[in-house]
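# Chain and residue survey
Next come the chains, spelled out residue by residue.
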Amino acid sequence: MTDLGPVSWPPPPIRTERLVLRAPEAQDRPVFIELLASPEVHTYLGGPRARDELERETPEVPEQWPGSLVVDLAGSMIGHILLRRATGHRRPAAAGKADLGYLFLPRVWGRGYAAEACAAALDWFADAFPGEPVVLTTQSANVSSMRLAAKLGFVEVERFEAWDAEQWLGMWSPVTAR
């Protein structure tokens, strides 16, 4: 994956009714480690990483690159959104397009934060890159992620086998989503 392209990063904080999407800061490091070490978060992502390994390897300010947004609720990180170019994607329909990824702490699941944050990130993307589609890949067994993709307006492009599981590839177009 590579940077999004010619866009000023980070953007000013993106505000929604309840959330702020902002650049990562040093205070977010423990939450990044928690997200990456969580068995619940990584059920459909190949499993968690070892916490001691993450403590050693995670930089003071993690995930500082274009497309990386912390999801902040009342001054605390609850999730992470990543928009990156899928240059090396294994599916031709996704190659070169922006790819949406997200991780949220299990304690905030089911409250609509992921939908609110991802919709705001997609709105920002549509303004920054008019007319460009975004792809999203998830395991078809991940019912919550499949529901979120549908709610955001992603349309199935294909299903395929990878990592010993059926994967779902969807595409979002700012032209049809707005």
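The following refers to the structure shown. (Residues numbered from 1 in each chain as written. Predicted model: local features only at pLDDT ≥ 70, side-chain atom pairs only at ≥ 80, totals over all residues. Heavy atoms only, no water.)

### Quick word on the pairing of strand E8 (residues 165-172)
Within E8, six of the eight residues are buried, which leaves the element mostly enclosed by the surrounding structure. Note: strand E6 (residues 134-139) against E8, six bridges, orientation antiparallel. Residue valine 135 lies in a different strand from E8, and its bridge partner there is methionine 171. One ladder, built from seven bridges, connects strand E7 (residues 155-162) with E8; its direction is antiparallel. Bridge assignment links arginine 159 to a residue of E8, and that residue is tryptophan 168. The hairpin formed by E7 and E8 contains two residues between the paired strands, and tryptophan 163 there has a positive phi angle of roughly 55°. (Buried < 20%, exposed > 50% of the residue type's maximum accessible area, 1.4 Å probe, protein only. Helix = DSSP H or I, 4+ residues; strand = E, 2+ residues; numbered from the N terminus. Pairing = 2+ DSSP bridges.)

### Re helix H4 (residues 143-152)
For H4, the full list of buried residues reads Ser145, Met146, Leu148, Ala149 and Leu152. Take H4 and look down its axis: the buried residues cluster within an arc of 160°, on one side only. In this structure, H4 carries Arg147, Ala150 and Lys151 as exposed residues pointing more than 90 degrees from its buried face. Contacts from the buried residues of H4 go to strand E5 (98-104), helix H3 (113-128), E6, E7 and E8. Once H4 finishes, glycine 153 follows within two positions and takes phi at roughly 100°, a positive value. (Arc of directions from axis to C-beta. Contact = heavy atoms within 4.5 Å.)

### A short note on the nonpolar core
Inside soluble globular proteins, nonpolar side chains tend to come together where they are buried. Ranked by size, the top nonpolar core spans 47 residues in total, and within it Leu21, Ile81, Leu100, Phe104, Val134 and Phe154 carry the most contacts. When contributions to this core are tallied by element, the ones reaching two or more residues are helix H1 (29-37), strand E3 (68-73), strand E4 (76-85), E5, H3, E6, H4 and E8. Filtering out sequence-adjacent residues up to four positions away, phenylalanine 104 remains in contact with Leu35, Val41, Val71, Ile78, Gly79, Trp109, Tyr113, Ala114 and Ala117. With five residues, the next largest nonpolar core counts Ala94, Val135, Phe160 and Leu169 among its residues. (Core = buried A, V, L, I, M, F, W, Y, C linked by side-chain atoms within 4.5 Å.)

### Observations concerning the side chain of arginine 84
Along the chain, arginine 84 turns up in strand E4. Residue classification places arginine 84 among the buried residues on the basis of a relative accessible area of 12%.

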